[in-house]
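# Observations on the three-dimensional arrangement
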Amino acid sequence: MRTRLSSSQILELRDWLATGRAVEIRSRAGLSRSAIARDLGVADSALWRWEHGQRIPTGLYAAAYYGLLSRLAARDEEDEAVLA
């Protein structure tokens, strides 16, 4: 796992959180907030705060969350391409 995000990745993660795209990606993958929080090693309430704009993940948590969301988004895009 990468431990540092590039500036563009940080901006993308912040955009996903601000626009609700992070929740959309998670939901489309069929994953609950609890499942993601458990996978990241954070409390459900922490993830809720991220997804509702009250906090921004930093450091290793930001990298892990971004990595997970980007993999889920890529998988979703591949599935859509197959269906097209």
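Structure: see above.
What you are looking at is a predicted structure, and each value in this text was computed from that prediction instead of being measured.

Glancing now at the nonpolar core. In terms of nonpolar packing, the biggest core is built from 22 residues, with Leu-13, Trp-16, Leu-40, Trp-50, Tyr-65 and Leu-69 touching the most fellow members. Looking at this core, the elements with two or more residues in it are helix H1 (7–19), helix H2 (21–28), helix H3 (33–40), helix H4 (44–51) and helix H5 (59–83). The element best represented in this core is H5, accounting for nine residues.

Applying the stated criterion across every chain, the model contains two aromatic pairs. With a centroid separation of 5.4 Å and 10° between ring planes, the pair formed by Trp-16 and Tyr-66 is classed as stacked. In this pair, Trp-16 is assigned in helix H1 and Tyr-66 in helix H5, connecting sequence segments 50 residues apart. In this structure, Trp-16 and Tyr-66 share a single accessibility class: buried. On the numbers, 5.2 Å between centres and 45° between planes, the contact of Trp-50 with Tyr-65 is tilted. One end of the pair, Trp-50, is in helix H4; the other, Tyr-65, is in helix H5, and 15 residues separate them in sequence. Tyr-65 shares its class with Trp-50; the two are buried.

Packing of H1 against H2 leaves a shortest axis separation of 5 Å and a crossing angle of 85°. By the angle between their axes, H1 is roughly perpendicular relative to H2. Judged by residue contacts, Trp-16, Leu-17 and Thr-19 of H1 engage Arg-21, Ala-22 and Ile-25 from H2.

Turning next to the side chain of Glu-51. Following the sequence through the fold, Glu-51 ends up in helix H4. Side chain to side chain, Glu-51 and Tyr-65 meet in a polar contact 3.2 Å long. Filtering out sequence-adjacent residues up to four positions away, Glu-51 remains in contact with Leu-17, Val-23, Arg-26, Arg-33 and Tyr-65.

Here we take up the pattern of salt bridges. Using the criterion set out here, one finds four salt bridges in the structure. Salt-bridge contacts for Glu-24 lead to Arg-21; the nearest nitrogen and oxygen are separated by 3.1 Å. Taken together, the residues Glu-24 and Arg-21, both in helix H2 and three residues apart, mark about one turn of the helix. Since its relative accessible area comes to 37%, Glu-24 is described here as partly exposed. In this structure, Arg-26 engages Glu-51 in a salt bridge whose closest nitrogen and oxygen atoms are separated by 2.9 Å. Residue Arg-26 is found in helix H2, and its partner Glu-51 is found in helix H4; the two are separated by 25 residues along the sequence. Here Arg-26 matches Glu-51 in class, with each residue buried.

Cut-offs and rules
Residues numbered from 1 in each chain as written. Predicted model: local features only at pLDDT ≥ 70, side-chain atom pairs only at ≥ 80, totals over all residues. Heavy atoms only, no water. Core = buried A, V, L, I, M, F, W, Y, C linked by side-chain atoms within 4.5 Å. Buried < 20%, exposed > 50% of the residue type's maximum accessible area, 1.4 Å probe, protein only. Helix = DSSP H or I, 4+ residues; strand = E, 2+ residues; numbered from the N terminus. Phe/Tyr/Trp six-rings, centres within 6.5 Å; stacked < 30°, edge-to-face > 60°. Axes fitted to C-alpha atoms, helices over the stretch in contact; angles between N-to-C directions. Parallel < 35°, antiparallel > 145°, perpendicular 65-115°, else oblique. Contact = heavy atoms within 4.5 Å. Polar contact = N/O pair within 3.5 Å; in protein donor to acceptor, adjacent residues only side chain to side chain. Salt bridge = Lys/Arg side-chain N within 4 Å of Asp/Glu carboxyl O.

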